[in-house]
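# Observations on the model geometry
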Amino acid sequence: MKTIEELKTRIKELSKQAVELRQKASEVYLTNQEQAKQFRQQAREAIKRCQVLIQELKRSQVQS
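Rules and cut-offs
- All chains use their own residue numbering, which begins from 1 and follows the written sequence.
- Side-chain atom pairs in this predicted model are given and counted only at pLDDT of 80 or more, local residue features only at pLDDT of at least 70, and totals for whole chains, interfaces and linings cover all residues.
- Working from all heavy atoms in the structure, the side-chain values ignore hydrogens and water.
- Nonpolar cores are built from buried Ala, Val, Leu, Ile, Met, Phe, Trp, Tyr and Cys residues. Side-chain atoms within 4.5 Å join them into one set.
- For each residue, the accessible area found with a 1.4 Å probe, counting protein chains only, is set against the maximum for its type, and the residue is called buried under 20%, exposed over 50%, and partly exposed in between.
- Helix and strand assignments come from DSSP, with helices taken as H or I runs of at least 4 residues and strands as E runs of at least 2, each series counted from the N terminus.
- In this analysis, two residues are considered to be in contact whenever any of their non-hydrogen atoms come within 4.5 Å of each other.
- By this rule, a helix spans an expected 1.5 Å times one less than how many residues it contains.
- Each patch is built from residues that are more than 30% exposed by relative accessible area and take part in no salt bridge. Like charges join if they lie within 9 Å; nonpolar side chains (Val, Leu, Ile, Met, Phe, Trp, Tyr) join within 5 Å.
- A 1.4 Å probe and the Shrake-Rupley method give the accessible areas. Residues count as covered only by the protein chains that appear here.
- Salt bridges are defined as contacts in which a side-chain nitrogen from Lys or Arg sits within 4 Å of a carboxyl oxygen from Asp or Glu.
- His is not counted here, nor are the chain ends, while Lys and Arg score as positive and Asp and Glu score as negative.
- The location of each charge is read from NZ of Lys, CZ of Arg, CG of Asp or CD of Glu.
- What counts as an axis is a line fitted to C-alpha atoms, over the stretch in contact for a helix, and the angles between N-to-C directions run from 0 to 180 degrees.
- When describing relative orientation, an angle under 35 degrees is termed roughly parallel and one over 145 degrees roughly antiparallel, while 65 to 115 degrees is termed roughly perpendicular and anything else oblique.
- A clockwise turn of the near helix away from the far one marks a right-handed crossing, whereas an anticlockwise turn of less than a right angle marks a left-handed crossing.
- Under the convention adopted here, Pro, Cys and the residues Ala, Val, Leu, Ile, Met, Phe, Trp and Tyr are nonpolar, Asp, Glu, Lys and Arg are charged, and Gly plus all remaining residues are polar.

Here we come to the nonpolar core. One finds Leu7, Ile11, Leu14, Ala18, Ala46, Cys50, Leu53 and Leu57 forming the largest nonpolar core, which totals eight residues. Every element with two or more residues in this core is listed here: helix H1 (4-28) and helix H2 (33-63). Sequence-distant contacts of Leu57, that is, excluding residues within four places in its chain, are made with Ile4, Leu7, Lys8 and Ile11. Counting residues in hydrophobic clusters, the runner-up holds six residues, among them Ala25, Val28, Ala36 and Phe39.

Rendered as structure tokens:
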């Protein structure tokens, strides 16, 4: 199990990654819709991982 600080750091990284992927999707949408779709999918996956880590963080804080 990761430490609370490691979880917080990873959550921030994944959140930032998701935002960047969404921005890339918006930038390329008019020229390459398939690539934009892939970027949006990757962003959704990053958000899902982020949500799992947030739940793990909450459990860790309750146990502390």
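Another aspect to go through is H1. Under the 1.5 Å per step criterion, the end-to-end length of H1 is 36 Å for 25 residues, consistent within 8% with the ideal 36 Å. The set of residues buried in H1 consists of Leu7, Ile11, Leu14, Ala18, Leu21, Ala25 and Val28. Packing partners of the buried residues in H1 comprise H2.

Quick look at H2 now. Taking 1.5 Å per residue, 31 residues should reach 45 Å; H2 reaches 45 Å between its end C-alpha atoms and fits that length. Residues of H2 that are buried include every one of Ala36, Phe39, Ala43, Ala46, Cys50, Leu53, Glu56, Leu57 and Ser60, and no others. For H2, the elements touching its buried residues are H1.

Judged by side-chain charge, Arg22, Lys37, Arg44 and Lys48 come together as a positively charged surface patch. Ranked by residues supplied to the positive patch, first place goes to H2 with three residues.

Below, the discussion takes up the packing of H1 against H2. Each pair of packed helices can be summarised by the angle the axes make with each other and by the distance between the axes. Contact geometry of H1 with H2 gives a least axis separation of 8 Å together with a crossing angle of 160°. Of the possible angle classes, the one that applies to H1 and H2 is roughly antiparallel. For the pair H1 and H2, the crossing hand works out as left-handed. Residues that form the contact of H1 with H2 fall into these classes: 17 nonpolar, seven polar and eight charged.

Distances and angles like these do not, on their own, reveal function.
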